[in-house]
Amino acid sequence: MPIPTAPRNDVVQGVAGRAGIACAGVIGSAVFYVALARLQDWVFPHVEFIRGVGWIYLPAGARLLCPLLLGLPGAIGVLVGSWCECFFHLYPDDPVRSLAGGISSALAPYLVYLFALRVLGMQASLANLTSRRLLLLVPLFGVASPLMHHLWFWLHGDPVNLAQGFTVMAVGDMIGALLVLYALKAMLALLPAPPRRR
């Protein structure tokens, strides 16, 4: 006769399962961010306005999608991926800028995600995420991320042309996010349709 398991074991297993899913979300988001950054360097090598700011920025797609799909684990993954990019690729000689760049890259889209949940009435399950709502989130995100980055530039006294840099980053983030969204949509369209139930 099997020994009944205590309810506590179910709780521990549930917490462990959720922690594993969250860790997978963090790692997957970080890898997705870095992969898009490498793709950016390969496909769009000449669209950079200044280091890390370009007219098209594909990692912006990860900045938007990962928090939107995964919530906090997605934002943490974007933070980790952005830090990898900043510390090892973009600004290896400027740890302060790398630290701030990663935080701005993750915090701004997560705040847009929270805004969408609380103000726009989006459900965490994304059940009510329509194309119209998604297209509304792209410009919100496209302004929030450059705003946070350029606020840091201004506070830090960076000699960046703030208005011009903000405009380029906003346009680049929106175009990059839309390119990633539509590329993923096209890839999903290539998958076979699930069989119909009778």
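In this report, we go over the structure that sits alongside the text.

Parameters at a glance
- All residue numbers refer to position in the chain's written sequence, counted from 1.
- Thresholds applied to this predicted model are a pLDDT of at least 70 for local features of residues and 80 or more for the giving and counting of side-chain atom pairs; totals over whole chains, interfaces and linings are not thresholded and use all residues.
- Side-chain descriptors were evaluated using all non-hydrogen atoms of the structure, hydrogens and water having been removed beforehand.
- Put simply, the grid is 1 Å and covers the protein atoms alone, a cavity is a trapped set of points that fit a 1.4 Å probe, a pocket is an open set with protein on both sides within 12 Å along at least five of seven lines, and lining residues have an atom within 4 Å of a point.
- Grid points are joined across faces, edges and corners, and a volume is the space filled by probe spheres set on the points.
- The helix count covers DSSP runs of H or I at least four residues long, the strand count covers runs of E at least two residues long, and both are numbered beginning at the N terminus.
- Here the nonpolar group is Ala, Val, Leu, Ile, Met, Phe, Trp, Tyr, Cys and Pro; Asp, Glu, Lys and Arg are the charged ones; every other residue, Gly included, is treated as polar.
- Nonpolar cores were defined as sets of buried Ala, Val, Leu, Ile, Met, Phe, Trp, Tyr and Cys residues, with membership established by side-chain atoms within 4.5 Å.
- Only protein chains enter the accessibility calculation, which uses a 1.4 Å probe. A residue is then buried if its area is under 20% of the maximum for its type, exposed if over 50%, and partly exposed in between.
- Any two residues whose heavy atoms approach within 4.5 Å are treated as being in contact.
- Here an angle of 0 to 180 degrees is reported between the N-to-C directions of two axes, which are lines fitted to C-alpha atoms, with helices fitted over the stretch in contact.
- With the far helix as reference, a near helix turned anticlockwise by less than a right angle produces a left-handed crossing, and one turned clockwise produces a right-handed crossing.

Some thoughts on the layout of surface pockets
Then comes step 1: In this structure, the largest pocket spans a volume of roughly 410 Å³.
Then comes step 2: Lining the largest pocket are 14 residues; nearest its centre among them are Leu129, Ser131, Leu134, Leu181 and Lys185.
Then comes step 3: When residues of the lining of the largest pocket are traced back to their parent elements, those giving at least two are helix 2 (59-70), helix 5 (131-156) and helix 6 (162-190).
Then comes step 4: With five residues, the single largest contributor to the lining of the largest pocket is helix 6.
Then comes step 5: The residue inventory of the lining of the largest pocket, partitioned by class, reads eleven nonpolar, two polar and one charged.
Then comes step 6: In this model, the second largest pocket occupies a volume close to 210 Å³.
Then comes step 7: With four residues, the single largest contributor to the lining of the second largest pocket is helix 1 (residues 7-43).
Then comes step 8: For the lining of the second largest pocket, the residue count by class is nine nonpolar, four polar and five charged.

Observations concerning the nonpolar core
Nonpolar side chains in soluble globular proteins generally cluster together in the buried interior.
Then comes step 1: Membership of the largest hydrophobic core comes to 29 residues, with the highest contact counts inside it found for Leu64, Leu68, Tyr113, Met122, Leu137, Phe141 and Leu181.
Then comes step 2: Elements that contribute at least two residues to this core include exactly helix 1, helix 2, helix 3 (72-90), helix 4 (95-118), helix 5 and helix 6.
Then comes step 3: Here Met122 is in contact with Leu68, Tyr113, Ala116, Leu117, Asn128, Leu129 and Leu137, once residues within four sequence places are set aside.

Re the packing of helix 4 against helix 5
Then comes step 1: Interhelical geometry of helix 4 versus helix 5 gives an angle of 145° and a closest axis separation of 9 Å. Remark: the crossing between helix 4 and helix 5 carries right-handed chirality.
Then comes step 2: Among the residues forming the contact of helix 4 with helix 5, the class breakdown is 16 nonpolar, six polar and one charged.

Notes on empty space enclosed by the protein
Vacant regions in the atomic arrangement are exposed by a probe of water-molecule size rolled over the atoms.
Then comes step 1: Scanning the entire structure with this criterion turns up two cavities of 30 Å³ or more.
Then comes step 2: Size it by volume and the largest cavity reaches roughly 160 Å³.
Then comes step 3: For the largest cavity, the lining is made up of 20 residues, of which Gly52, Cys86, Tyr91, Gly101 and His149 are closest to its centre.
Then comes step 4: Only helix 3, helix 4 and helix 5 provide two or more residues apiece to the lining of the largest cavity.
Then comes step 5: In terms of residues, the lining of the largest cavity owes the most to one element, helix 4, which gives five residues.
Then comes step 6: Grouping the constituent residues of the lining of the largest cavity by class yields ten nonpolar, six polar and four charged.
Then comes step 7: Estimated volume of the second largest cavity: approximately 50 Å³.
Then comes step 8: As for the second largest cavity, its lining consists of Arg63, Leu64, Pro67, Leu68, Pro109, Val112, Tyr113 and Leu137.
Then comes step 9: Sorting the residues of the lining of the second largest cavity by element identifies helix 2 and helix 4 as the ones contributing at least two each.
Then comes step 10: A per-class count over the lining of the second largest cavity returns seven nonpolar, no polar and one charged.

Interpretation in functional terms is not warranted from these geometric data alone.
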